[in-house]
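Topology and contacts: notes
The residues making up each chain are set out below.
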Amino acid sequence: MRRILATLLCAILLLPSAALAEPNAPSNVGAEAAYLIEANSGRVLYAKNETARLPMASTTKIMTALIAIESGRLTETVTVPEEAAGTEGSSMYLKAGEKLPLSDLVYGLMLTSGNDAAVAIAITLAGSTEAFADRMNEKAALLGLSDTHFVTPNGLHDPDHYTTARDLALLGAKALENPIFTETVGTQYRVTDGDVKHTLKNKNRLLWEYEGGIGVKTGYTKAAGKCLVFAAERGRMKLVGAILNCPTMWDTAKALLDWGFSNYRAKRFLSAETVFSVPVENGEKKTLSAAPRSDILYPTEIDKDETFTVETSFGRVIAPVSAGQTLGTLTLLRNGEAVMTVPIVALETVGTVDFRMLFRKAVLDLIG
């Protein structure tokens, strides 16, 4: 174990000590609430009124889309219900009785912000919009979004339908972990495949106006004002943010992204290729090889002093051990505060030693 610690200490990157203060925030954040994170690490880069419960309009549809994608039913043909056709507000102009794949409804939901698509998805997957809202709230609880409550699948105003900038940004980051969701919100144009053709154009200008823009969703009602969940990826950083009730949402989103990319750089504190030799009890081998499940990448402030250390923790490792099994953890600390944890996993399988066979071999060796 001393050898493991020595190897790890060689991999630690130490920078001079400093306070935990973030860089000066951009001055033109005109949103009622805002939140910006680096999604790969979870580091919070900016926050303003981030826990205030506010209406979020069509950014609601991030949750609707995520549930639809995770249902595993995207190739299923949907018959548009009467309740969906003619839904007020933004629309993909569905007709009652027309047939199209569920996947096309998700594109209509996220590109043209179809309120009718949201209702069609909800009824198809849950039987009613009310039952679907229950699913949305269950998913929110599962994701730890404790200040979010859904009443509708599309965000049409209801006093009991709300979220926070923090919860909304975290939901956007979680949804972007799904490659189908990422592909959907990053699509600029699409023509549906059903028996009625719909030409869909994405309303998210950041996709073509901002370098590295990858999503996510616009929203507007009179009660909510202009809302936006936005994301961009450059190099090894993925920034995801949310702004609620922001009259200048496009300029504000760009300013926050510019500020984030200008003030932070992702540093690799430990590579996933770092190999540890871990003692094994009762195993066919006395040690096995293990490695971090992923790189430890964390955004650091440019031209700012911070102290980072990496700590390791292993429990007793007792055979049998399977490749991929978690054996311990690596924790990144910033100025003494834990900010990121990565599992250490076995790189090989080690079976249990057969003591009877060892005894038999020892006896045979003694008698020659």
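Residues numbered from 1 in each chain as written. Predicted model: local features only at pLDDT ≥ 70, side-chain atom pairs only at ≥ 80, totals over all residues. Heavy atoms only, no water.

**A short note on the pairing of strand β8 (residues 225-234)**
Counting buried positions along β8 yields seven of 10 residues, so the element is predominantly enclosed. A loop of three residues connects strand β7 (residues 213-221) with β8, the two strands running antiparallel in sequence. In terms of strand pairing, β8 meets strand β9 (residues 237-244) through seven bridges, oriented antiparallel. In the strand pairing of β9, A231 is matched with V240. Counted between consecutive antiparallel strands, the loop separating β8 from β9 contains two residues, among which G235 sits at a positive phi close to 60°. (Buried < 20%, exposed > 50% of the residue type's maximum accessible area, 1.4 Å probe, protein only. Helix = DSSP H or I, 4+ residues; strand = E, 2+ residues; numbered from the N terminus. Pairing = 2+ DSSP bridges.)

**Re the sheet that holds strand β1 (residues 33-38)**
Spatially, five strands are ordered β2-β1-β9-β8-β7 in an open sheet, and the strand pairing comes out antiparallel. Each of the sheet's edge strands pairs with one partner strand only, and the pair in question is β2 (43-48) and β7. Going from strand to strand, the sheet's axes swing by 5° on average, the running direction of each strand aside. In the sheet, β1 pairs with β2 via five bridges, with the strands oriented antiparallel. Paired with L36 across the bridge in β2 is Y46. Against the sheet, helix α9 (residues 249-263) engages β1, β2, β7, β8 and β9, with an angle of about 30° to β8. (Axes fitted to C-alpha atoms, helices over the stretch in contact; angles between N-to-C directions. Contact = heavy atoms within 4.5 Å.)

**Things to note about the side chain of T59**
Checked against the element boundaries, T59 lands in the loop between β2 and α2 (61-70). Here the side chain of T59 touches M56 through a polar contact of 2.6 Å, landing on its backbone oxygen. Setting aside residues no more than four positions away along its own chain, T59 makes contact with L168, K217, T218, G219, C227, L228 and V229. (Polar contact = N/O pair within 3.5 Å; in protein donor to acceptor, adjacent residues only side chain to side chain.)

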